[in-house]
Amino acid sequence: MPLHAADMNAKAARLGWLPFAPHFNDSAPRLVDAAKAAGARTDDEIRGWLVSRLKSGETRFAIEDPDGEGNSPKVWFIWRANAISASAKGHEFFLKHVIGAPNSSFTAKEVAKGAVKDLVWHEKAPEGKMDLVVDLNFRMDTSTLYSDIVLPAATWYEKSDLNTTDMHSFVNCLDAAVPPSWESKPDWKTFGLIARKVSELSAKHFPEPVKDIVAAPLLHDTPGEIAQRSVKDWKLGECEPVPGRPCRTSPSWSGTT
């Protein structure tokens, strides 16, 4: 039986092709603490500890059980994209399960039961997974209408910036012709202000440096991606999972920083 699209997404994350957050079914700092408690000291030892748990199934990728407790993001920051309409495939499911918007006219049926193999099936999926949706935008699109907070972005002629699209390979240079209107700001300035405030608030919760585990996918046009000429899956025993290498010898998750 061919794999369901959701299983293919899980496979893609497992083999280092696709990013997914959160990465695992436990928090990264807790995993590091557990690795250290088990005797791991160096980054290589922490990675090795995690690899062995992924192979045994003690730790799983969050994408393999996206409806499980703690396996979905809680804060969504949308940057100038109509993610809740044009980009959301399965719009009714999106509104119900991700946003938790009132939808009395919800008519779409769950049809994946018995069709998914790698993913955990939940008879009743949670509704309203997101706690906070923030949109940085200058358009009143669907994402803006469903967001908790809307940050006004400066438009094309109100900022000096660079812009690209997926329609061509050019980089467009923008120069401000007039200042931003009202409280709107250039995107870069808004990101800088948010980063500064998050840094201030984080000192209370993370007073000391924290070691993290990052499941980073193989980047485009890198030796790891180019060398992956045939698909082998370490979960099926076809190769060994080695962080940072494609599966001949496997994926690029679990780097420590």
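All residue numbers here refer to positions counted from 1 along the written sequence of the relevant chain. Restriction of local features to residues with pLDDT of at least 70 applies here, the model being predicted, together with a cutoff of 80 or more for giving and counting side-chain atom pairs; totals for whole chains, interfaces and linings are based on all residues. Excluding hydrogens and water, the side-chain values take into account all heavy atoms of the structure.

## Re the overall build of the protein chain
Now for step 1: Labels follow the DSSP assignment, with helices taken as runs of H or I lasting at least four residues and strands as runs of E lasting at least two, numbered in each case from the N terminus. Helix and strand content of the protein chain: 7 helices and 7 strands.
Now for step 2: Each residue is assigned to one of three classes by its accessible area relative to the maximum for its type, calculated with a 1.4 Å probe on protein chains only: buried under 20%, partly exposed between the two thresholds, exposed over 50%. Per-residue burial over the protein chain gives 33% buried out of 257 residues.
Now for step 3: Working definition of accessibility: Shrake-Rupley area with a 1.4 Å probe, residue cover restricted to the visible protein chains. Accessible surface, the protein chain: about 16100 Å² in total, of which carbon and sulfur atoms supply 58%.
Now for step 4: Charged residues are defined narrowly, with Lys and Arg counted positive, Asp and Glu counted negative, and His plus the chain ends left uncounted. Throughout, a charge is located at the NZ atom of Lys, the CZ atom of Arg, the CG atom of Asp or the CD atom of Glu. The centroid of the 31 positive side-chain charges in the protein chain is displaced by 3 Å from the centroid of its 34 negative side-chain charges.

## Structural notes on the packing of aromatic side chains
Now for step 1: Note on aromatic contacts: the rings of Phe and Tyr and the six-membered ring of Trp form a pair at centre separations within 6.5 Å, being stacked when their planes are under 30 degrees apart, edge-to-face when over 60 apart, and tilted otherwise. Evaluated as defined, the whole model comprises 6 aromatic pairs.
Now for step 2: Considering the side-chain rings of Phe-77 and Phe-191, the 5.8 Å spacing of their centres and the 40° angle between planes classify their relative orientation as tilted. Residue Phe-77 is found in strand β1 (residues 75-79), and its partner Phe-191 is found in helix α6 (residues 187-205); the two are separated by 114 residues along the sequence.
Now for step 3: On the accessibility criterion, Phe-191 (32% relative accessible area) is partly exposed.
Now for step 4: Within the aromatic cluster, the residues linked to one another by ring pairs are Phe-24, Phe-61 and Trp-234.

## Details of the pattern of salt bridges
Now for step 1: Here, a salt bridge means any Lys or Arg side-chain nitrogen found within 4 Å of an Asp or Glu carboxyl oxygen. Under the criterion given, the structure shown has 18 salt bridges.
Now for step 2: With its nearest N and O atoms 2.4 Å apart, the salt bridge here joins Asp-44 to Arg-47. Here the residue Asp-44 and the residue Arg-47 both occupy positions in helix α3 (residues 43-56), the gap between them amounting to 3 residues, near one helical turn.
Now for step 3: A relative accessible area of 53% means that Asp-44 is categorised as exposed.

## Considering the nonpolar core
Now for step 1: Among the nonpolar cores identified, the biggest contains 22 residues, and Phe-24, Leu-50 and Ile-213 are the most heavily contacted of them.
Now for step 2: Broken down by secondary-structure element, the contributors of at least two residues to this core are α1 (5-14), α2 (28-37) and α3.
Now for step 3: Membership of the second largest hydrophobic core comes to 12 residues, among which are Ala-83, Ile-84, Ala-88 and Phe-94. Within this scheme, the nonpolar core is defined by two criteria: the residues are buried Ala, Val, Leu, Ile, Met, Phe, Trp, Tyr or Cys, and they are joined through side-chain atoms within 4.5 Å.

## Notes on helix α4 (residues 91-99)
Now for step 1: Within the sequence span of α4, burial applies to Phe-94, Leu-95, His-97, Val-98 and Ile-99.
Now for step 2: Just downstream of α4 lies Gly-100, where phi reads positive at about 75°.

## Some remarks on the sheet that holds β1
Now for step 1: A pair of strands is considered paired only if DSSP assigns at least 2 bridges between the two. Ordered in space as β1-β2-β3, the 3 strands form an open sheet in which the pairing is parallel. On the outer flanks of this sheet lie β1 and β3 (149-152), each paired with one strand and no other. Neighbouring strand axes in the sheet, compared pairwise and without regard to direction, differ in orientation by 15° on average.
Now for step 2: By the bridge criterion, 4 bridges tie strand β2 (residues 132-137) to β3 in an arrangement that is parallel. Opposite Asn-137, over in β3, you have Pro-152 as the bridge partner. For helices, the fitted axis covers only the stretch in contact; all axes are lines through C-alpha atoms, and the angles between them, taken along N-to-C directions, range from 0 to 180 degrees.

## So, the environment of Ala-62
Now for step 1: Inspection of the secondary structure puts Ala-62 in the loop between α3 and β1.
Now for step 2: Exposure remark for Ala-62: the relative accessible area of 0% places this residue in the buried category.
Now for step 3: Taking C-alpha positions, Ala-62 is 4.7 Å from Asn-25, a pair spaced 37 residues apart along the chain.
Now for step 4: Any two residues having at least one pair of non-hydrogen atoms within 4.5 Å are treated as being in contact. Among all residues touching Ala-62, those that are not within four sequence positions of it are Phe-20, Pro-22, His-23, Phe-24, Asn-25 and Asn-71.

## Re the packing of α2 against α3
The packing of two helices is summarised by the inter-axis angle and the distance between the axes.
Now for step 1: One can describe the packing of α2 onto α3 by two numbers: an axis separation of 10 Å at closest approach and a directional angle of 100°. By the angle between their directions, the pair α2 and α3 is classed as roughly perpendicular. Every residue of α3 that contacts α2 at Leu-31, Val-32, Ala-34 and Ala-35 is listed here: Ile-46, Trp-49 and Leu-50.
Now for step 2: By the convention adopted, Pro, Cys, Tyr, Trp, Phe, Met, Ile, Leu, Val and Ala count as nonpolar, Lys, Arg, Asp and Glu as charged, and the other residues, Gly among them, as polar. Of the residues belonging to the contact of α2 with α3, the class tally is 7 nonpolar, no polar and no charged. Orientation is classified from the angle alone, with under 35 degrees giving roughly parallel, over 145 giving roughly antiparallel, 65 to 115 giving roughly perpendicular, and any other angle giving oblique.

## Considerations on the pairing of β2
Now for step 1: The element β2 is extensively covered by neighbouring structure, given that 5 of its 6 residues are classed as buried.
Now for step 2: Two strands pair when backbone bridges link them, and β1 and β2 are joined in this way by 5 bridges, in the parallel orientation. Across the sheet, residue Val-75 finds its bridge partner in β2, namely Leu-132.

## Considering unusual backbone geometry
Now for step 1: The linkage connecting Ala-21 with the following residue, Pro-22, adopts the cis geometry, with an omega of -5°.
Now for step 2: With respect to the element layout, Pro-22 can be found in the loop between α1 and α2.
Now for step 3: Even without being glycine, Trp-182 reaches a positive phi, approximately 50°.
Now for step 4: Positionally, Trp-182 belongs in the loop between β5 (172-174) and α6.

## Digging into the confidence of the model for the protein chain
Now for step 1: pLDDT: the predictor's confidence for each residue, scored from 0 to 100. Chain-level pLDDT for the protein chain is 86 on average; 93% of the residues reach the 70-or-more range.
Now for step 2: Every residue in residues 249-257 scores below 50 in pLDDT, and together they form 56 contacts with partners more than four places removed in sequence or on other chains.

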